[in-house]
Amino acid sequence: MANFKDSPRFDIHDDYYTRKETWKQIIPYLPTDKTYWEFCSLGSNGQSIKNLKELGLNVIGSTTHDFLKDELLEADILITNPPFDKKIKIPILEKLAESDKPFIIIMNSTNIFTKYFNRIFGEKDIKFIYPSTKIHFDKYEGTKYIESKNNTSFYSLYVCYNIPTITKNIFI
């Protein structure tokens, strides 16, 4: 059996962004009368904010607001695809748990089995939306579109907390 520690090291590239169709598949499960904050847009091209708005959600967000350093913006539900890098992701998850605000985030499915995930969310009533296929992403370098990646090597899911319309795990 292979072991991750034996695999070659690689650089983490966090300039992959969520496609509009990825957000579209969960729109039927989200309340439409709420304000959403796409909170991981710092330094991005803002495409996720635009995509969520085009899908009919009332979305706020800023490419200059730092979720970890700045005050939380007023919103009913937080929504994002956080960075893959654990040095950024773990503090984001901790701040989410501390805020106790409803959220929906996209994450690599193996995260839910980690010690840090269970330490952070162990007592919270987390729900999951499991897509029937892999979620793929678009690659950017800064704000410049490079390509659509259709060969994602991992499975992702939607992690939900206290979303009024999501009362159980959902398979889509």
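Residues numbered from 1 in each chain as written. Predicted model: local features only at pLDDT ≥ 70, side-chain atom pairs only at ≥ 80, totals over all residues. Heavy atoms only, no water.

### Quick notes on the environment of arginine 119
We count it as follows: Think of it this way: any DSSP run of H or I at least four residues long counts as a helix, any run of E at least two long counts as a strand, and we number them from the N terminus. Should any heavy atoms of two residues lie within 4.5 Å, those residues are considered in contact.
Positionally, arginine 119 belongs in helix 4 (residues 115–121). Expressed as a C-alpha distance, the spacing of arginine 119 and glutamate 94, which sit 25 residues apart in the sequence, is 9.4 Å. Discounting chain neighbours no more than four positions away, the residues touching arginine 119 are Ile90 and Glu94.

### A closer look at helix 3 (residues 86–99)
Inclusion rule: Here the expected span of a helix is defined as 1.5 Å times the quantity of residues minus one. Think of it in three bands: residues with accessible area under 20% of the maximum for their type are buried, residues over 50% are exposed, and the middle band is partly exposed, with areas taken using a 1.4 Å probe on protein chains only. A 3.5 Å cut-off defines polar contacts: any pair of N or O atoms within that distance qualifies, except that in protein one atom must be a possible hydrogen donor and the other a possible acceptor, and neighbouring residues in sequence count only when both atoms are side-chain atoms.
Given a rise of 1.5 Å per residue, 14 residues ought to cover 20 Å, and the 19 Å separating the end C-alpha atoms of helix 3 matches this to within 8%. Three or more residues of helix 3 are buried, namely Lys89, Ile90, Ile92, Leu93, Lys95, Leu96 and Ala97. At its buried positions, helix 3 is contacted by strand 4 (77–80), strand 5 (103–108) and helix 4. A side-chain oxygen of the first residue of helix 3 lies 3.0 Å from the backbone nitrogen of lysine 87; this N-cap is aspartate 85.

### Details of the pattern of salt bridges
Basically, it comes down to this: Only one rule defines a salt bridge in this text: a Lys or Arg side-chain nitrogen within 4 Å of an Asp or Glu carboxyl oxygen.
Applying the stated criterion to the full structure yields six salt bridges. The salt bridge partner of arginine 19 is glutamate 21, with a shortest N-O separation of 3.9 Å. The salt bridge partner of lysine 20 is glutamate 54, with a shortest N-O separation of 2.6 Å. Linking lysine 20 in helix 1 (residues 20–24) with glutamate 54 in helix 2 (residues 47–54), this pair joins segments that are 34 residues apart in sequence. Of the residues examined, lysine 20 reaches a relative accessible area of 31% and is grouped as partly exposed.

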